[in-house]
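Coordinate inspection notes
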Amino acid sequence: MADKGKLTTHVLDIYHGKPAAGMTIDLLRVDDARVHLLTVHTNADGRCDAPLLENHAFQEGDYELNFHVRPYFEQFKGEPVESPFLNIVPIRFTVYDATQHYHVPLLISPWAYQTYRGS
């Protein structure tokens, strides 16, 4: 039996030039219906303390990560960011091979974001 893969994420705050600590992230499965799987918060390194999914819980299918960007940036009141443009950033993706590592990084500012499949 092949090793099962895992799903991880990492959030970098490119406005402040540091990891996005304390950001809330929701993970949903979105095949036939939207099913909330878990809610996590990033640590001081902008990562989660454990994989979001791994081993037999990690299966092929469609998923969505919802990054709660506005509440993250609202903690910096008094800085030039008075009203962030972005609120929740959804990233929808497909896992085709659950034996692989799927890493979904998010580079975020109050006004823009970028993502890709990382390693």
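See the structure shown above.
So, a few notes on the structure that sits alongside this text.

What counts, and where the lines are drawn
- Residues numbered from 1 in each chain as written.
- Predicted model: local features only at pLDDT ≥ 70, side-chain atom pairs only at ≥ 80, totals over all residues.
- Heavy atoms only, no water.
- Helix = DSSP H or I, 4+ residues; strand = E, 2+ residues; numbered from the N terminus.
- Rg over C-alpha atoms; globule rule 2.2 N^0.38 Å.
- Buried < 20%, exposed > 50% of the residue type's maximum accessible area, 1.4 Å probe, protein only.
- Contact = heavy atoms within 4.5 Å.
- Areas by Shrake-Rupley, 256 points an atom, 1.4 Å probe, with all protein chains shown as cover.
- Salt bridge = Lys/Arg side-chain N within 4 Å of Asp/Glu carboxyl O.
- Phe/Tyr/Trp six-rings, centres within 6.5 Å; stacked < 30°, edge-to-face > 60°.
- Lys NZ or Arg CZ within 6 Å of the ring centre and 35° of its normal.
- Polar contact = N/O pair within 3.5 Å; in protein donor to acceptor, adjacent residues only side chain to side chain.
- Lys, Arg positive; Asp, Glu negative; His and termini not counted.

**Some points on the overall build of the protein chain**
When helices and strands are tallied, the protein chain shows one helix and nine strands. Listed by position from the N terminus, the elements making up the protein chain come as β-β-β-β-β-β-α-β-β-β. For the protein chain, the C-alpha radius of gyration of 15 Å lies close to 14 Å, the compact-globule estimate for 119 residues. Viewed in the frame of its principal axes, the protein chain has a C-alpha envelope of about 55 × 30 × 20 Å. Relative to its full complement of 119 residues, the protein chain shows a buried share of 43%. Across the protein chain, contacts joining residues at least 24 apart in sequence account for 64% of those joining residues at least 6 apart. Accessible surface, the protein chain: about 6500 Å² in total, of which carbon and sulfur atoms supply 51%.

**Here we look at the pattern of salt bridges**
If charged atoms from side chains of opposite charge come close, those side chains can pair. Evaluated as defined, the whole model comprises four salt bridges. Across the salt bridge formed by D31 and R29, the nearest N and O atoms sit 2.5 Å from each other. Residue classification places D31 among the partly exposed positions, given a relative accessible area of 36%. In this structure, the salt-bridge partner of E64 is R92, at a minimum N-O distance of 2.7 Å. Taken together, the residues span a long stretch of sequence, with E64 in strand β6 (residues 61-68) and R92 in strand β7 (residues 88-95) at a distance of 28 residues. One continuous salt-bridge network, built from bridges that share partners, spans R34, E64 and R92.

**Examining the packing of aromatic side chains**
Applying the stated criterion across every chain yields a total of seven aromatic pairs. Ring plane angle 75 degrees and centroid distance 5.4 Å describe the contact between Y15 and W111, whose orientation is recorded as edge-to-face. One end of the pair, Y15, is in the loop between β1 (6-13) and β2 (18-19); the other, W111, is in the loop between β8 (101-108) and β9 (113-115), and 96 residues separate them in sequence. Residue classification places W111 among the partly exposed positions, given a relative accessible area of 44%. For the ring pair Y72 and F73, a centre distance of 4.9 Å and an interplane angle of 80 degrees mean the geometry is edge-to-face. Taken individually, Y72 and F73 each receive the classification buried, so the pair is uniform in this respect. Grouping aromatic residues by their ring pairs yields a cluster made of F58, Y63, F93 and Y102. Over the aromatic face of Y102 sits the side chain of R117, whose NZ or CZ is 3.8 Å from the ring centroid.

**Thoughts on the environment of Y102**
On the secondary structure map, Y102 appears in strand β8. C-alpha of Y102 to C-alpha of V30: the two residues are 72 residues apart in sequence and 16 Å apart in space. Within the structure, the side chain of Y102 is placed 3.1 Å from the backbone nitrogen of D97, a separation counted as a polar contact.

**As for the side chain of D26**
Structurally, D26 can be placed in strand β3 (residues 24-29). For the buried residue D26, which engages in no salt bridge, the nearest side chain bearing the opposite charge is R34, 8.2 Å off. In this structure, D26 is in contact with H36, L38, T39, E64, L65, N66 and H68, ignoring residues within four places of it in sequence.

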